[in-house]
Amino acid sequence: MLIAILEGVPAGLPVDFDLLQADLDRRRKGYGRGSRMKIERDRAKICSGVRYGKTLGSPISILIENRDWVNWQEVMAVDGPRADAAAAEVTRPRPGHADLAGAQKYLTHDMRDVLERASARETAARVAAGAICRMLLSHFGILVGSHILAIGEEAIDGRFLELSGDEILALDQSRGFRCADSAAWRRMKESIRWAARAGDTLGGVLELVACGVCPGLGSHAQWDCRMDGQLALALMGIPSVKAVEIGTGIGSASNPGSRVHDAIYYDSLGSRYFRKTNNAGGIEGGITNGEEVRIRIYLKPIPTLKQGLDSVDCRTREPVKAAYERSDICVVPAAAVVGEAMVSITLARSVLDKFGGDTLEETKAGYGQYLRRLRQY
């Protein structure tokens, strides 16, 4: 089973169980998921920290059962433990997975000890915790969303790359995710079907956006408090993510400063500073600047292939084909939901660090006072 423990959420936050379950369903049903998602139901049970639909201020624990556990658990027999037939040890590591590196680290020859925890299955717990953080952020006007930019070689048309955060949030997500270019999405689906037939897998690119983020979250004072660093850490910790780009980070490396940095203006009617461009992705000097937080994440194809790559049996040291575990073809749609959860968790932590409060009303009072000071600045 998966257990998420969320600490620091103030008392009095209404918890919408339907919204929490909706995020788990979006993750589970993403196009390209494998047969395990036909087994798992991802029903979340809140075991502590919530009473009568509101948080208590104490740690929140969320339990999600792994129904697939029975297929590989250790069975206790009269003469001692034995492995179930379906759970034979894994000795043929998959290139690109934690199998061999983890087995060497923990000096085990049965890589199931490593691969089940290294599996992205654990991200269901992150999505559940992120859903509660999303509910908290909504009380501060912060909304988090995502959309798919590319899967494999298929990408959305360039005219969809400049969507505002509001436009991204408004995209239809009845399929469990957002993609602005319906024609590109049809091509992406065909690519996923092709990969499935070929016994292969596909990666892709996502864009994440957080709207309504106030200036001042994060800090320049310590390296590990920088908001861009915190977000990059949270997102790089998602299995299959191999790169994180904040704003126009990659393109900025090849352009002069005059075309990269966002000029600053002042709106006297709105009593606020603003930028006409957002190449910084809403973060300057490790601190949010009041613009939309924009991040792209790049996902590799997952390493579990039906047509296994060359490998070595770690017991016999003989050349073999890598083991195959029931797995996905493309995790990009599901990873969008996980990415939203990690952005929500990171921003919620920063909001609570800055505005404090044991109850939601206290936190909102601190936030309101801060906004009033900003308008006077």
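Notes on the structure follow.

How each quantity is defined
Residues numbered from 1 in each chain as written. Predicted model: local features only at pLDDT ≥ 70, side-chain atom pairs only at ≥ 80, totals over all residues. Heavy atoms only, no water. Core = buried A, V, L, I, M, F, W, Y, C linked by side-chain atoms within 4.5 Å. Buried < 20%, exposed > 50% of the residue type's maximum accessible area, 1.4 Å probe, protein only. Contact = heavy atoms within 4.5 Å. Helix = DSSP H or I, 4+ residues; strand = E, 2+ residues; numbered from the N terminus. Disulfide = S-S within 2.5 Å. Pairing = 2+ DSSP bridges. Axes fitted to C-alpha atoms, helices over the stretch in contact; angles between N-to-C directions. Parallel < 35°, antiparallel > 145°, perpendicular 65-115°, else oblique. Nonpolar A, V, L, I, M, F, W, Y, C, P; charged D, E, K, R; others polar.

This paragraph deals with the nonpolar core. Counting 87 residues, the largest nonpolar core has Ile148, Ile151, Ile295, Val343 and Leu347 as the members making the most contacts within it. Excluding residues within four positions of it along the chain, Ile151 makes contact with Trp185, Met188, Ile192, Leu202, Gly203, Gly204, Cys330, Val332 and Pro333. The next biggest cluster of nonpolar side chains, apart from the first, holds 6 residues, and it includes Val90, Ala103, Met111 and Leu115.

Positive phi values are uncommon outside glycine, yet Leu107 reaches one of about 55°. For Leu107, the location among the structural elements is in the loop between α3 (99–106) and α4 (112–118). Here Leu107 falls in the exposed class, since its relative accessible area comes to 74%.

The full count for this structure, using the stated rule, is 0 disulfides. Here Cys179 is not disulfide-linked; the sulfur of Cys330 is the nearest cysteine sulfur, at 11 Å. For Cys179, a relative accessible area of 7% puts it in the buried group.

Let us look at the pairing of strand β16 (residues 293–299). In terms of residue burial, β16 counts as a mostly covered element, since 5 of its 7 residues are buried. Where strand β10 (residues 204–211) meets β16, 7 bridges bridge the pair, whose relative direction is antiparallel. Looking at the pairing, Glu207 lines up with Arg296 of β16. For strand β11 (residues 241–246) and β16, the ladder comprises 5 bridges, and the chain directions are antiparallel. Each bridged residue has a counterpart across the sheet, and for Val241 the counterpart in β16 is Leu299.

As a packed pair, helix α10 (residues 332–355) and helix α11 (residues 360–376) sit with axes 9 Å apart at the nearest point and diverge in direction by 80°. By the angle between their directions, the pair α10 and α11 is classed as roughly perpendicular. Here Leu352, Lys354 and Phe355 of α10 come into contact with α11, specifically with Thr363, Gly366, Tyr367 and Tyr370. For the contact of α10 with α11, the class distribution of residues is 4 nonpolar, 2 polar and 1 charged.

Considering the arrangement of structural elements, one finds Gly53 in the loop between β3 (50–51) and β4 (54–55). On the basis of relative accessible area, Gly53 is assigned to the partly exposed category, the value being 22%. Distance in space between the C-alpha atoms of Gly53 and Gly199 is 45 Å, their sequence separation being 146 residues. With residues near it in sequence (within four places) discarded, Gly53 still touches Leu13, Pro14, Val15 and Phe17.

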